[in-house]
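# Per-entry structural report
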Amino acid sequence: MVSIIGMIGQLEQNNQLTLFDIKDDIVESFTIDNIDTYYEINIRFKPSVVCCPHCGSIHFISKGTQKKRLVSTPINDQPVKIITHLKRYKCLDCTSYFSDSNPIAYENWSFTKVAIISILNKLKPYNATYASIARMFGVSTTRIIDVFDAFVRIKRHNLPKVLLIDEFHFSRHTKYKYPAILMNFENNLIIDIIESRTHDIMSDYFFKINLEERKKVEYICTDMSFIFKPLLKTYFPNSTLLVDHFHVTKFVNDQLNNTRKRVMRKYASNKKSLEYRLLKHRYKLLLKSRNDIDLEIFKYDNILEHYATENIILEQLLNCDEELRQAYNAKEEYLIFDQVTQKEINNCNNKRMELASLIKRFRHTQVEESIKVAETLNNWKEEILNSFIWINNRRISNGPVEGKNNYIKKILSNANGMVNFKRARNRILYSQNKYETYSTKEHKDKIKRPSNPRGTYKKNKK
């Protein structure tokens, strides 16, 4: 492999400094040294000042050079430090001092322009961390965060025709632990992230959006939260509220699992009994759809102590208690009601009758958890029926936003948690929206939260 010094030497001979995105016609001299764990480059630029920037006078004299240390992009996995030498002047008319402008760096930044762009590009993947990029450039994590805060500010996107709303866990160390995520169902674009899904914050957020834009929203899909029902008519007059059918299915399964736990406690006095062991270790078969239960393949089961199919084990489970069987059969009927194709949705009245029959079915089981399911289905009857709406050959659901939530969890986990919501919001939107990009201009307002001064401390005296 050609060494970095050999590469630079070749570039010098050809009067090319494209490796560092520097034009050769502005460079007076160029040297490079290999210093332990990094490369140090000294660049002296040609004078560029033609007049005093303060008074416009052409009468000025040289007052030596001004040195500035900059961080550049790594080469061969080694950090690169650039020391620039710029001419310094004094105006003979207004007596002010000034220097040549630095052509490879922004004012007040100790990174080259190319390094800043490289840092921002490396932060695009969801698994990138500030710390890993800081090690790559040989700087502190705080300096990488400062670069991100200054050049990445993502604006809210316009509200879509089909709006998905969900929440995710942010941090237990913040005032609001569950932000709300808004997403476009049709193109999987994250519209925005709101600090909390509480009624006051959501109401204030939507109030600031123009009414004409809010009128364009035709469908809103959420989980079974009562927060959005009062907000709907106030802020989205032309929209229809849908409840995400995956959340309903999960709720039905959760209640069946609660029934299983209650039944299992009846056998807790003898934890070696067949019933207890089956309910404890084979419960996942209850949560699977009956269509996914295997009827043919025999495998040895350590609890039954003989070969059995999944269907045989399931029947043994259901034989443990009649309430469990009733709750399981009701759950299966709901899955049949929910799992339909676009062609089968041709008569809303049929689905309305089916849902009414299902609610009665859950009530008549006389199982306390199933009765809760009946009450919930009745409270969300219209929204469940609306969930059978299809757009562009896709049934509206919160599936896309749930997929994004998985990546959000990874971003937060890789960072060992975040507490600055504004920075986390920018990081998520920048990473998860494919065509989101950074700004070419520095943002002067600060995202970093104010903190108490560190104060003085005493050093240990030897």
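Here the structure is a predicted model, which means the values were calculated and not measured. (Residues numbered from 1 in each chain as written. Predicted model: local features only at pLDDT ≥ 70, side-chain atom pairs only at ≥ 80, totals over all residues. Heavy atoms only, no water.)

### A few points about the overall build of the chain
Tallying secondary structure elements over the chain gives 17 helices and 14 strands in all. For 462 residues, the compact-globule estimate of 2.2 N^0.38 gives 23 Å, and the chain exceeds it by more than 25% at 32 Å. Projected onto its principal axes, the C-alpha coordinates of the chain cover approximately 100 × 60 × 55 Å. Across the 462 residues in the chain, those meeting the buried criterion constitute 45%. Across the chain, the fraction of contacts at a sequence separation of at least 24, relative to all contacts at a separation of at least 6, is 61%. On the chain, roughly 25,700 Å² of surface is accessible, and the fraction owed to carbon and sulfur atoms is 49%. Here the chain carries 75 positive and 52 negative side-chain charges, and the mean point of each set is 7 Å from the other. (Helix = DSSP H or I, 4+ residues; strand = E, 2+ residues; numbered from the N terminus. Rg over C-alpha atoms; globule rule 2.2 N^0.38 Å. Buried < 20%, exposed > 50% of the residue type's maximum accessible area, 1.4 Å probe, protein only. Contact = heavy atoms within 4.5 Å. Areas by Shrake-Rupley, 256 points an atom, 1.4 Å probe, with all protein chains shown as cover. Lys, Arg positive; Asp, Glu negative; His and termini not counted. Charge placed at Lys NZ, Arg CZ, Asp CG, Glu CD.)

### A word on the packing of helix H2 (residues 113-122) against helix H3 (residues 130-137)
Orientation of H2 relative to H3, taken along the N-to-C sense of each, is 145 degrees, at an axis distance of 10 Å. Where H2 crosses over H3, the handedness of that crossing is right-handed. Contacts from Ala115, Ser118, Ile119 and Lys122 in H2 reach Ile133, Met136 and Phe137 in H3. (Axes fitted to C-alpha atoms, helices over the stretch in contact; angles between N-to-C directions. Left-handed = near helix turned anticlockwise from the far one by under 90°.)

### Comments concerning the packing of aromatic side chains
Within the structure shown, the criterion is met by 15 aromatic pairs. Their ring planes at 90 degrees and their centres at 6.1 Å tell us that Phe170 and Phe421 sit as a pair that is edge-to-face. Within this pair, whereas Phe170 is found in the loop between strand E6 (162-167) and strand E7 (180-184), its partner Phe421 is found in helix H17 (residues 421-432), the two being separated by 251 residues in sequence. By the burial criterion, Phe170 is buried, and Phe421 matches it. Relative to Phe337, the ring of Tyr334 has its centre 5.6 Å away and its plane inclined at 50 degrees; by these criteria the two rings are tilted. Residue Tyr334 and its partner Phe337 are located together in helix H12 (residues 322-338), separated by 3 residues, close to a single helical turn. (Phe/Tyr/Trp six-rings, centres within 6.5 Å; stacked < 30°, edge-to-face > 60°.)

### Considering the sheet that holds strand E9 (residues 219-222)
In a beta sheet, neighbouring strands pair by backbone hydrogen bonds and run either parallel or antiparallel. Read across the open sheet, the 5 strands follow the order E8-E7-E6-E9-E10; overall the sheet is mixed. Each of the sheet's edge strands pairs with one partner strand only, and the pair in question is strand E8 (190-194) and strand E10 (240-243). For this sheet, the mean angle separating the axes of adjacent strands, direction not counted, is 20 degrees. One ladder, built from 3 bridges, connects E6 with E9; its direction is parallel. (Pairing = 2+ DSSP bridges.)

### Quick word on the nonpolar core
If you look at the biggest cluster of nonpolar residues, it comprises 46 residues, and the most contacted ones within it are Phe111, Ile119, Leu123, Ile144, Val147, Phe168 and Ile396. Sorting elements by how many residues they give to this core places helix H4 (residues 141-151) first, with 6 residues. Counting residues in hydrophobic clusters, the runner-up holds 38 residues, among them Ile209, Leu232, Phe251 and Ile384. (Core = buried A, V, L, I, M, F, W, Y, C linked by side-chain atoms within 4.5 Å.)

### Let's talk about the pairing of E9
Burial along E9 is two-sided: Tyr219 and Cys221 facing one way and Ile220 and Thr222 facing the other are all buried. As for the winding sense of the linkage, the β-α-β connection from E9 through helix H7 (residues 228-235) to E10 is right-handed. (Right-handed = clockwise from strand over helix to strand, strands pointing away.)

### Observations regarding the environment of Arg197
Mapping Arg197 onto the fold places it in the loop between E8 and helix H5 (199-207). Residues Arg197 and Tyr430, spaced 233 residues apart in sequence, show a C-alpha to C-alpha distance of 21 Å. Apart from the residues within four sequence positions on either side, Arg197 is in contact with Glu167, Tyr178, Ala180, Met202, Asp223, Ser225, Ile227 and Phe228. Within the structure, Arg197 has its side chain in polar contact with the side chain of Asp223 (distance 3.2 Å). (Polar contact = N/O pair within 3.5 Å; in protein donor to acceptor, adjacent residues only side chain to side chain.)

### A look at the pattern of salt bridges
This structure, assessed with the given rule, holds 25 salt bridges. Glu167 serves as the salt-bridge partner of Arg197, at 3.2 Å between the closest nitrogen and oxygen. Placement of Arg197 in the loop between E8 and H5 and of Glu167 in strand E6 is noted, with a sequence separation of 30 residues between them. Three or more residues are tied together by salt bridges with common partners; here these are Arg262, Glu323, Glu368 and Glu369. (Salt bridge = Lys/Arg side-chain N within 4 Å of Asp/Glu carboxyl O.)

Fair warning: the whole summary comes from geometry, so function is off the table for now.
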